[in-house]
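# Per-entry structural report
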Amino acid sequence: MENLQEFLHHKGYTKVKLHLTKTNHFEIKATINGKKGLFILDTGASSSCVGFEGIETFKLKAEDSLIKAAGAGATDMDTKMAKKNKVKIGKWSSNKIVLVLFNLTHVNTALINHNSKPVDGIIGADILKKSKAIIDYEKKYLYLKL
């Protein structure tokens, strides 16, 4: 009987290693518009996000947004949007990703206070659904459909 990795490979999936932090979050490396970054994998986040600090780094075309962000103890935060971004995670990529931009200071402060590295953003359910993602929690892999 084949294992999960072999089964998913035959179904056209690629695997990406996840790193479990001291805060019990999975970190993942991703590339946005050709620039590498470190992100939290968050199945509970409806949208993928980047901190305002990443606008120049990731060459994002920020537009004003009426949407307010909430999460991780903060609410009613102002946001911006950046459309048509190329996101690459492992061998998977998409050229049409919309990213929500907001102040990630509260997230990174919490991570640093728990001896974890600050992140550039969050990979959320939008990308996970688009990529037909499967998470292997035991082996710490994310599988994405190519």
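One can find the structure itself at the top, above this paragraph.
Per-chain numbering applies: the sequence of each chain, read as written, is numbered from 1 onward. pLDDT decides what is reported in this predicted model: residues at 70 or higher carry local features, side-chain atom pairs at 80 or more are listed and counted, and totals for whole chains, interfaces and linings draw on all residues regardless. Computation of side-chain values covers all heavy atoms of the structure but excludes hydrogens and water.

Only DSSP runs of H or I reaching four residues or more are called helices, and only runs of E reaching two or more are called strands; each is numbered from the N terminus. Of regular secondary structure, the chain possesses four helices and 11 strands. Our radius of gyration is a C-alpha quantity, and the globule rule it is checked against amounts to 2.2 Å times the number of residues to the power 0.38. Computed over its C-alpha atoms, the radius of gyration of the chain comes to 15 Å, within 12% of the 15 Å expected for a compact globule of 146 residues. Here the C-alpha coordinates of the chain stretch approximately 50 × 35 × 25 Å along the principal axes. A burial count over the chain gives 42% of its 146 residues as buried. For the chain, restricting intrachain contacts to residue pairs at least 6 apart in sequence, the fraction spanning at least 24 positions comes to 59%. Accessible surface area values rest on a Shrake-Rupley calculation with a 1.4 Å probe, where residue burial reflects the displayed protein chains alone. Total accessible area computed for the chain in this model is approximately 8,700 Å², and 53% of it derives from carbon and sulfur atoms. Throughout this description, buried means an accessible area under 20% of the type-specific maximum (1.4 Å probe, protein chains only), exposed means over 50%, and partly exposed covers the range between. Throughout, a contact is declared for two residues whenever any of their heavy atoms are within 4.5 Å.

Strand pairing follows a simple DSSP-based rule, namely that at least 2 bridges must link the two strands. Taken in spatial order, the three strands make up an open sheet running S1-S11-S10, and their pairing is antiparallel. Two strands bound the open sheet, and with one partner strand each, they are strand S1 (13-17) and strand S10 (134-136). Between one strand axis and the next, the sheet turns by 25 degrees as a mean value, whatever way the strands run. Of the pairings in the sheet, the one linking S10 to strand S11 (residues 141-145) comprises three bridges and is antiparallel in character. Within the sheet, the bridge partner assigned to Ile134 lies in S11 and is Tyr143. Comment: axis = line fitted to C-alpha atoms, over the contacting stretch for helices; angle = value between 0 and 180 degrees taken between N-to-C directions.

Below, the discussion takes up the layout of surface pockets. Buriedness for pockets is judged along seven lines, at least five of which must meet protein on both sides within 12 Å for an open set on the 1 Å grid over protein atoms alone, while cavities are sets there where a 1.4 Å probe fits but cannot get out, and lining residues have an atom within 4 Å of a point. Grid points are joined across faces, edges and corners, and a volume is the space filled by probe spheres set on the points. Within this model, the second largest pocket holds a volume of roughly 170 Å³. Of all the secondary-structure elements, those providing two or more residues to the lining of the second largest pocket are S1 and strand S3 (26-32). In terms of residue count, the dominant contributor to the lining of the second largest pocket is S3 (three residues). Gly is placed with the polar residues, together with every amino acid not listed as nonpolar (Ala, Val, Leu, Ile, Met, Phe, Trp, Tyr, Cys and Pro) or charged (Asp, Glu, Lys and Arg). Across the lining of the second largest pocket, the residue classes break down as four nonpolar, one polar and four charged.

Before going further, it helps to examine unusual backbone geometry. Although it is not a glycine, Lys84 adopts a positive phi angle of roughly 55 degrees. For Lys84, the location among the structural elements is in strand S7 (residues 74-89). Lys84 gets classed as exposed once you look at its relative accessible area, which sits at 72%. Here the phi dihedral of Asn115 falls at roughly 60 degrees; this positive angle occurs in a residue that is not glycine. Position of Asn115 relative to the elements: it lies in the loop between helix H3 (105-113) and strand S9 (121-123). On the basis of relative accessible area, Asn115 is assigned to the exposed category, the value being 62%.

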